[in-house]
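Examining the three-dimensional arrangement
Spelled out, the chains give:
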Amino acid sequence: MQQNSTHSNDGPYAIELNDLRKTYKAGKKSPEKEALKGINLTIEKGSMFALLGPNGAGKSTLINILAGLVIKTSGTARIWNYSIDTDQRMAKSAIGIVPQELNLDAFFTPRALLEIQAGLYGVPQKERRTAELLDAVGLTKQANSYARTLSGGMRRRLMVAKAMVHTPPVLVLDEPTAGVDVELRRALWDYVRELNRRGTTVLLTTHYLEEAEELCDRIAIINRGQLVANEPKSQLLKRLDSKELHITVDKDVIDIPVTLLQYNCTISEPRKLCLRYPPSGATAGQVIDAVQKAGLGIVDVSSKEADLEDIFLQLTSSKAAA
């Protein structure tokens with residue numbers, strides 16, 4: 001899919017945020033809330049970028065500012081090098097957003113919805129890709145069915161197609177696979193991967209941490225309105241220098257051998273040990289050797305590396321945020 005020539009604006013970043021702040025004023029029943037506390041973030045063109053954070057962290061506020069649905073309190077935001085303040089029309093045309101909410105008109109067909117959306121963006125009739133988009137998200141057979149007859153997964157995929165009618169160079173997916181079954185989720189990600197391969201920059205927010213770990217090359221974590229991490233995925237996963245070895249031995253273990261205490265050994269079952277150690281300071285071979293020196297024969301071994309979920313919980317815990 002070729003990017004529209006009107007989106008060939010210079011600059012290395014698809015999205016650039018500088019000291020972005022948003023404070024919601026106090027209401028009759030709610031206190032003033034500082035939703036974004038000076039966010040500085042750049043997302044390179046062509047990347048698959050994940051923005052993670054617990055509920056209420058500020059993800060939706062950030063995305064709604066980019067979409068033009070929420071007015072920022074201060075700071076600057078640029079989409080494809082267009083300011084959302086001074087180049088509002090171009091900034092909006094450079095981004096497609098798939099929101100969490102399934103806001104589709106139940107009495108229109110998928111074909112009609114895409115045609116209307118293309119018209120709203122001023123896409124000339126001869127440049128519209130309605131049939132191509134419906135095929136890409138697997139809705140060709142449902143093209144002329146009312147939206148109210150579509151399943152939740154189909155509606156979610158239609159939302160992706162709707163966001164792409166004007167061929168934006170930046171696609172924002174806000175919890176796109178919520179409520180979508182595993183098979184449809186994989187089909188949706190295959191399409192998003194293909195878009196990315198063709199040059200579309202993808203910003204993803206998700207509660208499915210394994211999706212971010214599998215799909216994205218860079219990950220930022222937001223908590224209480226502040227960025228607490230923004231690193232390449234490989235670097236972020238190294239933050240927790242932690243590994244577990246689960247070892248099944250040939251005899252019951254009642255007391256932990258002294259030689260294994262340095263590996264934070266615990267007994268999960270009479271013949272199953274869990275040993276935790278930092279890979280930077282020890283090897284699996286050393287741990288296994290220590291078990292054997294304790295007079296235990298090894299029947300089975302499995303390992304568990306620290307994953308994104310461990311890091312996410314560590315960085316967004318109340319203790320870490322304090």
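Residues numbered from 1 in each chain as written. Predicted model: local features only at pLDDT ≥ 70, side-chain atom pairs only at ≥ 80, totals over all residues. Heavy atoms only, no water.

In this section: the side chain of Arg129. Mapped onto the fold, Arg129 is located in the loop between α3 (110-120) and α4 (130-136). Classification of Arg129 by relative accessible area gives buried; the value is 14%. A polar atom in the side chain of Arg129 sits 3.3 Å from the side chain of Thr167. (Helix = DSSP H or I, 4+ residues; strand = E, 2+ residues; numbered from the N terminus. Buried < 20%, exposed > 50% of the residue type's maximum accessible area, 1.4 Å probe, protein only. Polar contact = N/O pair within 3.5 Å; in protein donor to acceptor, adjacent residues only side chain to side chain.)

A few words on the sheet that holds strand β5 (residues 82-83). The strand order across the open sheet formed by four strands is β2-β1-β4-β5, and the pairing between neighbours is antiparallel. Both outer strands of the open sheet, β2 (33-44) and β5, are each paired with one neighbouring strand and no more. Examined bridge by bridge, strand β1 (residues 13-24) and strand β4 (residues 74-79) share five bridges and lie antiparallel to one another. The residue of β4 that forms the bridge with Arg21 is Ser74. (Pairing = 2+ DSSP bridges.)

Below, the discussion takes up the nonpolar core. Counting residues in hydrophobic clusters, the biggest one holds 46 residues, and the most contacted among them are Leu52, Leu158, Leu173, Ile219 and Ile221. Excluding residues that lie within four positions of it along the chain, Leu158 makes contacts with Leu104, Pro110, Leu113, Leu114, Leu134, Leu139 and Leu150. Among the nonpolar cores identified, the runner-up in size contains 30 residues, and Leu36, Ala57, Ile63 and Ala77 belong to it. (Core = buried A, V, L, I, M, F, W, Y, C linked by side-chain atoms within 4.5 Å. Contact = heavy atoms within 4.5 Å.)

Once that is clear, we can look at the sheet that holds strand β9 (residues 218-223). The strand order across the open sheet formed by six strands is β6-β7-β8-β3-β9-β10, and the pairing between neighbours is mixed. The open sheet is flanked by β6 (95-98) and β10 (226-232), the only strands paired with a single partner. On average, each strand axis in the sheet is inclined to that of its neighbour by 15°, with strand direction left out of account. In terms of strand pairing, β9 meets β10 through six bridges, oriented antiparallel. Looking across to β10, one finds that Asn223 is bridged to Gln226. (Axes fitted to C-alpha atoms, helices over the stretch in contact; angles between N-to-C directions.)

What follows deals with the packing of aromatic side chains. The description of an aromatic ring pair uses the distance of the two centres, along with the angle that the planes make with each other. Counted according to the given criterion, the structure contains zero aromatic pairs. When the ring centre of Tyr24 is taken as reference, the NZ or CZ atom of Lys22 above it lies at 5.1 Å. In this arrangement the basic side chain of Lys45 is found over the ring face of Trp80, its NZ or CZ atom lying 4.3 Å from the centre. (Phe/Tyr/Trp six-rings, centres within 6.5 Å; stacked < 30°, edge-to-face > 60°. Lys NZ or Arg CZ within 6 Å of the ring centre and 35° of its normal.)

Moving on, we come to the pattern of salt bridges. Enumeration according to the criterion identifies twelve salt bridges in this entry. Residues Glu115 and Arg128 are paired through a salt bridge, measuring 2.8 Å at the closest nitrogen-oxygen approach. Of this pair, Glu115 sits in helix α3 while Arg128 is found in the loop between α3 and α4, placing the two residues 13 residues apart along the sequence. Under the relative-accessibility criterion, Glu115 is labelled partly exposed at 23%. As a salt-bridge pair, Glu194 and Arg197 come within 2.8 Å of each other at their nearest N and O atoms. Here Glu194 pairs with Arg197, and both are found in helix α6 (residues 182-197), just three residues apart, close to one helical turn. Taking the relative accessible area as the measure of exposure, Arg197 reaches 58% and is therefore exposed. One salt-bridge network, held together by shared partners, links Asp19, Arg21 and Glu34. (Salt bridge = Lys/Arg side-chain N within 4 Å of Asp/Glu carboxyl O.)

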